[in-house]
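Examining the three-dimensional arrangement
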Amino acid sequence: MSVESVIPRQIEELLSSHRRNFLKSAGLFAVSLATPGVAQTNPPPGPYRDPDFRQLDSWIVIHQDNTATFYVGKTDPGQGTGTSFRQLMADELDIAFNRTACIMGSTDITVNQGGSGGSTALEYDSRPMRRAAAEARRVLLEMASARLGAPVDQLAVHDAVISLQADPSKRVSYGELIAGKRFNVTLTGNNVMSATGLAKVKPVQQLKYTGQSLQRDDIPAKVDGSLKWAGDVKLPGMVHARNVKPPYAGAKLLSVDEASVRGLPGFVRVLSKGNYVAVVFEREEQAIEGARQLKTSWEKPAAAPFPRSEDLFEYMRAAVPTSKSAPVVEGDPDTSFTSAALKVEAEYEIPFQGHTSFSGAVATADPSNGQMTIYSNDMKSYSMRTCVADFLGLHRDRVRVVWMQGAPSFGRSACEDAACEAAWLAKEIARPVRMQWMRDEETAWDTKGPAYLIKMRGALDAQRALTAYEYNARACDYNHTGYNEPDSVLIAHLMGIRRKTPAPGRASMPSDVYAIPHRRMLGEVVGLPLIWETPLRTGNLRDPDGPQVTFASESFIDELALAAKADPLEFRLQLLGASAREDSGFRRARSLAVLQAAAAKFGWEKRVGPKPRGKGQVLTGRGVAYSFRGQSVVAQMAEVEVNRETGHVWAKRMVCAYDCGLVVNPEGLRRVAECGMLHSLSRALHEEVMFDTEKVTSRDWISHPTLRHADVPETIDVLLVNGDPQPDRPDLSPYGGGEATCKPTLAAIANAIFDATGVRLRRVPFRAARVLAALKAAGVDRV
Amino acid sequence: MSKFTLKVNRRTHTVDVDPTTPLLYVLRNDLDLHGPRFGCGLAQCGACSVLINGAIQRSCVLPMSSVKGEITTLEGLSENGQLHPLQQAWIAEQVPQCGFCQNGQILAAKVLLDKNPHPTDGQIRTALNPTLCRCMTYYRVQAAVKRAAKAIAGASATGEEKEVVA
Ligand code: FES
Ligand code: FES
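The sections below set out a description of the structure shown in this document. Residue numbers here run from 1 along each chain, matching the order of that chain's written sequence. Chain letters start at A and ligand numbers start at 1, both assigned in the order the entries are written. In keeping with the predicted nature of the model, local features appear solely for residues at pLDDT of at least 70, side-chain atom pairs appear and are counted solely at 80 or more, and the whole-chain, interface and lining totals rest on all residues. Side-chain descriptors were evaluated using all non-hydrogen atoms of the structure, hydrogens and water having been removed beforehand.

**Some points on the interface of chain B and chain A**
Here, residues are in contact when the closest pair of their heavy atoms is within 4.5 Å. On the side of chain A, 67 residues touch chain B, which itself brings 54 residues to the contact. It is Q97(B), R134(B) and Y139(B) that lose the most area in chain B upon contact with chain A, and together they represent 18% of the buried surface on that side. Each salt bridge in this description consists of a side-chain nitrogen of Lys or Arg and a carboxyl oxygen of Asp or Glu lying within 4 Å of one another. Here chain B and chain A share five salt bridges between them. Salt-bridge contacts for E687(A) lead to R134(B); the nearest nitrogen and oxygen are separated by 2.7 Å. Distance and chemistry together define a polar contact, namely a pair of N or O atoms within 3.5 Å, with one atom able to donate a hydrogen and the other to accept it when in protein, and with adjacent residues in sequence counting only for side-chain atoms on both sides. For the pair chain B and chain A, the interface holds 37 residue pairs in polar contact (both at pLDDT 80 or more). Here a strand is any run of E in DSSP of at least two residues, a helix any run of H or I of at least four, and the numbering for each starts at the N terminus. Contributing elements (two or more residues each) for the side of chain B that touches chain A: α1 (23–30), α2 (85–92), α3 (102–115), α4 (121–128) and α5 (138–165) of chain B. Note on residue classes: Ala, Val, Leu, Ile, Met, Phe, Trp, Tyr, Cys and Pro are nonpolar, Asp, Glu, Lys and Arg are charged, and everything else, Gly too, is polar. Of the residues in the side of chain B that touches chain A, the class split is 29 nonpolar, 16 polar and nine charged. Here the quantity called buried area is the accessible surface, traced with a 1.4 Å probe, that two parts lose on coming together, added over both.

Dropping the structure here:
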């Protein structure tokens, strides 16, 4: 079978040398350090140089048939950003959307925009794309002006055809003007984010495809089975690898008995270095069997690497912080607390929650010709390239990462670990290697969202007005794993490579703009006893600390509302009154807009304190929560049913009002918002990483449950709101759309459970047994 | 190693593998099919689903020695270049995010609609409950199943009408 047969159609161009040759012949690679003329003594470092972001040709190619291909340095892990980039760029270029294509995220042929992360795709990274497309349009107009013999201001552009305004029969297409040739236009800008030509981008009112719910271009191949995924790459001579992980966290490898697997069919090699062990076999099922049968012996660490998950919060309470943030102080909270008529205190606990991607991490590494090509679905292909190069000691121009679709990889997923493992093995055995993590490995050893212990205090005066507020977070986040760091990928840990100083980690703060006169907010970081080679390493999860922080802050606002004898929605609206923090009304206006929009759709019933309990087995209630992420603001409302005899919670209905600025693709955005919200519903109801004092015991979908079909609300409404004080601004920007809706869900559900039952849950997740125990303790379990 | 003859998507293949090899790896690595995918290898998620004689099976735990019958994978659902109504509904509803689980979702839906062309919401939830999605596309999956059920009912209603007229 030929290699081509398993390479996805849409990236054939990537793998053929065609695109690279184009860039090379066009001189479109960034200037290399190699000195011209001394090539013999100082050979060029490698073929995979950086496409030059200052060249227009690096971004856009117009073809003979009057179609265009956009090359962008982003990846799309399934949120439809690729389609949105096409919408924005087609608008700026003035070409029909369906005559465009977008190639993303492969390091040797697309400019380095960092891949994905931080919900920045449309807010920031689309800006140079739009400017490049606008510049291409400008240059094409100049060419047409010369060709048609008329000044630019007498020309009209429609769908990639330029004509004389006075005589539309005099026309020339983009393809006729430029196809097969290069723009040869240099952009300016100190970095890729500021790259620009002379042209200005259009005011949003003139964007035609932007704002339309065009269908995503990646979906057909995902439903007809034709898509070839990152894990589907096959190369001549490729072998299959599986890791053998330490059976105990922090264990030391004493011996590996290669003889225990040498006789198995398809055996290639057992490789180990430090505490890293992998087997390599010709076929995939053979590698799985080999990893199962390999005899290894390990020495347990002298001290327990971590407490039991049941004891985590006791441990965190007692731990000495490794760092503290400078407190954020407004006004004089101490005096307010001293003179308070009423004080409210609460403590919230959010355990470690994992990425637990749908599939084990996967990567294929090809060491042919002394280069290294990695096929990966990691969202940060560009830093992966540098990481692999540094880890192997290769010049980075010898390494490229081809980005392809894969299982969800939001944030710092284990894809990065798998890539370095595949690369190391491939280099060692000089054959292409496919590394695939198994289910137990992914669930136990991927990076975890940090556990949080959050103490909150509030002070109310005699009129029951909230005067002061204190937020004190402790995040178990010491030695936080960064993105694609050669000294923090798991294989480096296991090989004994250590960063000079462990990453400090962080404890984040709430993002509301409530006008509370006096505030103090503080974050502390604590660590577990074992910080290297640990399955409880922390790393960025989708909306890294948002769900944890907002669970506490927005649950507590409800507790304060109760103390103030106010309806939770009314209480929030009041706190967003005239003197809100931080800005001249921009964030406040948009906060109010989303809360009001959600309330209208939901049909919010005002009430002080929990709903009077009915007689039935099922209690119902409603909750609200709101938050910012960057400039995106979201309000969510949930109606829950709580079965008082089983503790089972069902979010029957959810409403999400979302203002993330300019909406490029409304239906696409609705789905992203909905899926983010359900991801957090899963975190609210199910997800918790369990461990004993030796190892992580969450290993599969039974020991680490996730949201399922039966949990899904009957109705979900996502309202897209433009609460901008100047809604028709011509420069309205899209803000981040990908993560904000993950934030408030945990609190909205907890607040709804309180409304239904009168029982306040301060510990995530709300699994049936935990809910039932709380209901029993409050005597609510019986009618 | 042993020789096995498999009928997959209306074509016959012969492979020579160990009889304990799970069907999944043969489909993916020997037959180059990429509809079925690896999610857990434990029969817990549905990523590797295939139809065998119309019944859904999790190919990650099905040894070659017990494969009996005709296999259909996601690739085999469309006929003569025409997407199955479920696949059309999936596009119309814009269901997938990453899409990795959708093989299992679509095949589970197919088996449901084959047995029960007019499922209630509750029946859809129950039938699809064993099939996981970590991008959380469940709400749209359920909407797409309803849409496909309607489309199939509509198509067969028109079909019957035509027959009467003819
Ligand atoms: S891969 Fe077979 S059920 Fe998960
Ligand atoms: S769409 Fe990504 S796992 Fe379901």
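**Remarks on the sheet that holds strand β27 (residues 715–720) of chain A**
Residues and elements named next belong to chain A. Here, any two strands with at least 2 DSSP bridges between them count as paired. Reading across the sheet, the four strands line up as β24-β25-β26-β27 and stay open at both edges, with mixed pairing between neighbours. Edge positions in the sheet fall to β24 (618–629) and β27, since each has one partner strand and no second. Here the strands of the sheet are splayed against their neighbours by 15° on average, with no regard to which way each runs. Relative to strand β26 (residues 649–659), strand β25 (residues 632–643) is paired through ten bridges, and the arrangement is antiparallel. Directly across from V634, in β26, lies its bridge partner Y658. Working convention: axes come from line fits to C-alpha atoms, limited for helices to the stretch in contact. Angles between N-to-C directions cover 0 to 180 degrees.

**Side note on helix α3 (residues 81–93) of chain A**
By definition here, a helix of n residues has an expected span of 1.5 Å times n minus one. Taking 1.5 Å per residue as the helical rise, α3(A) with its 13 residues ought to reach 18 Å, and the 18 Å between its terminal C-alpha atoms agrees with that figure. Immediately downstream of α3(A), the backbone of D94(A) shows phi near 65°, a positive value.

**Overview of the environment of R763(A)**
Here R763(A) lies in the loop between α19 (745–757) and α20 (768–777). Among the polar contacts listed, one links the side chain of R763(A) to the side chain of E688(A), at a separation of 2.9 Å.

**What to know about the pattern of salt bridges**
Residue and element names in this part refer to chain A. Evaluated as defined, the whole model comprises 74 salt bridges over all chains. Among the salt bridges present, the one from R629 reaches E739, with a minimum N-O distance of 2.8 Å. With R629 in strand β24 and E739 in the loop between β27 and α19, this residue pair connects regions lying 110 residues apart in the sequence. No difference in accessibility class separates R629 from E739, as the two residues are buried. Residues joined in a network through salt bridges with shared partners are E314, R317, E347, E349, K455, E688, R763 and R770. Per-residue accessibility, obtained with a 1.4 Å probe over protein chains only, is compared with the maximum for each type, and a residue is labelled buried under 20%, exposed over 50%, and partly exposed between these values.

**What about the state of the cysteines?**
Residue and element names in this part refer to chain A. Any two cysteine sulfur atoms lying within 2.5 Å of each other are counted as a disulfide. Evaluation of the coordinates by the stated rule reveals zero disulfides over all chains. For the unlinked cysteine C387, the closest cysteine sulfur is that of C420, found at 3.6 Å. C387 gets classed as buried once you look at its relative accessible area, which sits at 1%. Here C660 stays free of any disulfide, with the sulfur of C656 as its closest cysteine sulfur at 9.3 Å.

**Description of the packing of α3(B) against α4(B)**
All names here are of chain B. Between α3 and α4, the shortest axis-to-axis distance is 10 Å and the interhelical angle comes to 125°. Between α3 and α4, the angle falls in the class oblique. Along this stretch, α3 crosses α4, giving a crossing that reads as right-handed. Of α4, the residues touching α3 (which contributes Q105, A108, A109 and L112) are Q123, I124, A127 and L128. Geometric relationships in this document are graded by angle, where less than 35 degrees denotes roughly parallel, more than 145 denotes roughly antiparallel, 65 to 115 denotes roughly perpendicular, and other angles denote oblique. Definitions for this section: a left-handed crossing has its near helix turned counterclockwise from the far helix by less than a right angle. A right-handed crossing has that turn clockwise.

Remember, this is a structural readout, not a statement about activity or role.
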